[in-house]
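Secondary and tertiary structure notes
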Amino acid sequence: MTVGAARPVAATVSAAEAGRRLDLWLAARLPALSRTRIKTLIDEGRVEVDGVPRKAAHRLKTGERVRAVVPPPPSDEMAAEPMRIVFEDAHVLAVDKPAGMVTHPGAGQSTGTLAAAALAHAPEISGVGGPRRPGIVHRLDKGTSGLIVLAKTRAAYDALTAQLSRRTMSRRYLCLAHGRFARDSGVIDAPIARDTRSRVRMAVARPGTGKRAVTRFRVLERLARFTYLECRLETGRTHQIRVHLASLGHPLVGDVTYGRQKRSDTIPAELIEGLGGVALHAAGLSFAHPASGEHVELASPLPNRIEAILSHLRDI
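Residues numbered from 1 in each chain as written. Predicted model: local features only at pLDDT ≥ 70, side-chain atom pairs only at ≥ 80, totals over all residues. Heavy atoms only, no water.

1. Focus on the nonpolar core
Counting 30 residues, the largest nonpolar core has Y173, L229, C231 and L245 as the members making the most contacts within it. Within the residue set of this core, elements represented by two or more residues are β6 (92-97), α3 (114-121), β7 (145-151), β8 (170-178), β12 (214-223), β13 (226-233), α5 (240-247) and β14 (280-288). Element by element, the count of residues in this core is highest for α3, at four residues. Those residues in contact with L245 that lie beyond four places of it in its chain are C175, F181, I188, L229, C231, H250, P251 and L252. If you look at the next biggest cluster of nonpolar residues, it comprises 18 residues, including L22, W25, I38 and V47. (Core = buried A, V, L, I, M, F, W, Y, C linked by side-chain atoms within 4.5 Å. Buried < 20%, exposed > 50% of the residue type's maximum accessible area, 1.4 Å probe, protein only. Helix = DSSP H or I, 4+ residues; strand = E, 2+ residues; numbered from the N terminus. Contact = heavy atoms within 4.5 Å.)

2. Brief notes about the packing of helix α1 (residues 22-29) against helix α2 (residues 35-43)
Close contact between α1 and α2 brings their axes to 10 Å; oriented N to C, the two are set at 125 degrees. One way to sum up the angle between α1 and α2 is to call them oblique. Judged by the sense of rotation from one axis to the other, the crossing of α1 with α2 is right-handed. Every residue of α2 that contacts α1 at L22, D23, L24, L26 and A27 is listed here: R35, I38 and I42. Residues belonging to the contact of α1 with α2 are distributed by class as follows: six nonpolar, no polar and two charged. (Axes fitted to C-alpha atoms, helices over the stretch in contact; angles between N-to-C directions. Parallel < 35°, antiparallel > 145°, perpendicular 65-115°, else oblique. Left-handed = near helix turned anticlockwise from the far one by under 90°. Nonpolar A, V, L, I, M, F, W, Y, C, P; charged D, E, K, R; others polar.)

3. Some points on the sheet that holds strand β4 (residues 65-68)
Across a sheet, paired strands are connected by hydrogen bonds in the backbone, their directions being either parallel or antiparallel. As summarised here, the arrangement of the four strands in space is β1-β4-β2-β3, forming an open sheet in which the pairing is antiparallel. Since the sheet does not close on itself, it has two edges, and those belong to β1 (9-12) and β3 (52-53), each with one partner. Relative to β4, strand β2 (residues 47-49) is paired through three bridges, and the arrangement is antiparallel. Looking at the pairing, V47 lines up with A68 of β4. (Pairing = 2+ DSSP bridges.)

4. Section: the confidence of the model for the chain
Of the residues in the chain, 89% reach a pLDDT of 70 or more, and the chain-wide mean stands at 87. Within the chain, α2 has the poorest average pLDDT of any element, 81, and β14 the best, 98. In the model, residues 73-80 has pLDDT below 50 throughout and makes 21 contacts with residues more than four positions away in sequence or in other chains. (pLDDT = per-residue confidence, 0-100.)

So this is what it looks like as structure tokens:
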């Protein structure tokens, strides 16, 4: 199945593929499309199974014929995806990124990025920051959802990145981790560096090496073999929360990079698949407005992809 510019694409479900969710099957068949784009196609009724539009959670059967109508992408190589705007004025743009969307183009991902969506919405940011990261002050991992702020002017970019460096920009995360935390709160102060055994992983480094990384955590709720908690960043290292919690033996739910050894029969497979990433959400963001100096505080509610798992665990 390949993505054509002006025609529908179709394929038949093999015996080996039977039982898979429609959205996950389609994602494997159409690797050029982001999970967000695939969900949009399904929600818009552009994906049919044996001639009938189906939901993303539909379980496929052997021999079923799947047909998807994929509209051609914009001509710009950074094809835009829809985004939810939380705050915007002449200086700042803050959005709520869904899990599955890449923040900016990188290796193996040049389309369907937040950067492209922001550029399509506010073309003036094209000259702010780097050419592949227009306006982007900080980033979120692909599998993480939540708040991210972009600058619309060079002055705003300089002011916001300075706040990050001074650690005066506050970032609050909600997450669900494996295991039950013994302490109600704590501080993880452990340096992080690239994992010498894997280029895609980071790891807690030996003392005196790596970059300093500080994460504060607070337990919100203890559940059956899991803990729901709040984390606040004092630094912003790659995969920081994921690496720090995994180093304590508490990897995040859905994190196959740092929690491969963690499997649980407590959470149904369909809820894990529905995460579309890791159980980590950037729920709060506050900063001084780069032009007025006024305090800006933004919040994003916990998405259903994580709330559904919490609800299931609470019912046990």
